[in-house]
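Examining the three-dimensional arrangement
One letter stands for each residue in the lines below.
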Amino acid sequence: MSLIDAAKEMKVPLQTVQAWTDFLVEEGIVGIEYKFTTPYVFMVEEKKTAGVFGYIGFDTKEVFYEKARKRGIKEAQIRLLWLKYLTANEDSMKK
């Protein structure tokens, strides 16, 4: 989905979607692909490699929030991103 379409769908400013996307790209949850000059966001496939004892290395809530704050994301938006992060990684975290 293009970032512009995502902003329209969620009814939030494009700059907000860009900030969320930048954060989620760094976390490996989504990726960005450019078609000409239009950025498209996509979900990244589940990580296939696990470390010792199967631990992949998910952020704690505190680490997640701190990273988001450093990027200037507002608290309400961080809460939404945290819930999406948990949902996206729920099965892997259970393993």
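Residues numbered from 1 in each chain as written. Predicted model: local features only at pLDDT ≥ 70, side-chain atom pairs only at ≥ 80, totals over all residues. Heavy atoms only, no water.

**Some words on the confidence of the model for the chain**
Per-residue pLDDT for the chain averages 80, and the proportion of residues at 70 or more is 84%. Overall, residues 48-55 carries pLDDT values under 50, and its contacts beyond four positions in sequence, including any with other chains, amount to three contacts. (pLDDT = per-residue confidence, 0-100. Contact = heavy atoms within 4.5 Å.)

**A short note on the nonpolar core**
Note on soluble globular proteins: their nonpolar side chains tend to be buried together. Phe23, Leu24, Phe64, Ile73, Ile78, Leu81 and Tyr85 are the most contacted members of the largest nonpolar core, which has 19 residues in total. Those elements that place two or more of their residues in this core are α1 (3-10), α2 (14-26), α3 (61-70) and α4 (75-94). (Core = buried A, V, L, I, M, F, W, Y, C linked by side-chain atoms within 4.5 Å. Buried < 20%, exposed > 50% of the residue type's maximum accessible area, 1.4 Å probe, protein only. Helix = DSSP H or I, 4+ residues; strand = E, 2+ residues; numbered from the N terminus.)

**Here we look at α3**
Within the sequence span of α3, burial applies to Phe64, Tyr65 and Ala68. The buried residues of α3 all sit within an arc of 95° when viewed along its axis, so they share a single face. The exposed set on the far side of α3, more than 90 degrees from its buried face, consists of Glu62 and Lys70. At the C-terminal side of α3, Gly72 shows a positive phi close to 80°. (Arc of directions from axis to C-beta.)

**As for the packing of aromatic side chains**
Tallied over the entire structure, the rule returns four aromatic pairs. Between Phe23 and Phe64, the aromatic rings sit 4.7 Å apart at their centres with planes inclined by 90°, giving edge-to-face as the arrangement. Separated by 41 residues along the polypeptide, Phe23 in helix α2 and Phe64 in helix α3 bring together distant segments of the chain. On the basis of an interplanar angle of 40° and a centroid distance of 4.8 Å, the ring pair of Phe64 and Tyr85 is categorised as tilted. Separated by 21 residues along the polypeptide, Phe64 in helix α3 and Tyr85 in helix α4 bring together distant segments of the chain. Exposure class is identical for Phe64 and Tyr85. Each is buried. Members of the aromatic cluster, each reached through a chain of ring pairs, are Phe23, Phe64, Trp82 and Tyr85. Across the ring face of Tyr40, the terminal group of Lys35 is positioned such that the distance to the ring centre comes to 5.1 Å. (Phe/Tyr/Trp six-rings, centres within 6.5 Å; stacked < 30°, edge-to-face > 60°. Lys NZ or Arg CZ within 6 Å of the ring centre and 35° of its normal.)

**Structural notes on the packing of α1 against α2**
Between α1 and α2, whose axes approach to 9 Å, the crossing angle comes to 110°. As far as their axial angle goes, α2 and α1 are roughly perpendicular. In this structure, α1 crosses over α2, and the sense of that crossing is right-handed. Across the interface between the two elements, Leu3, Ile4, Ala6, Ala7 and Met10 from α1 touch Leu14, Val17, Gln18, Trp20 and Thr21 from α2. Across the contact of α1 with α2, the residue classes break down as eight nonpolar, two polar and no charged. (Axes fitted to C-alpha atoms, helices over the stretch in contact; angles between N-to-C directions. Parallel < 35°, antiparallel > 145°, perpendicular 65-115°, else oblique. Left-handed = near helix turned anticlockwise from the far one by under 90°. Nonpolar A, V, L, I, M, F, W, Y, C, P; charged D, E, K, R; others polar.)

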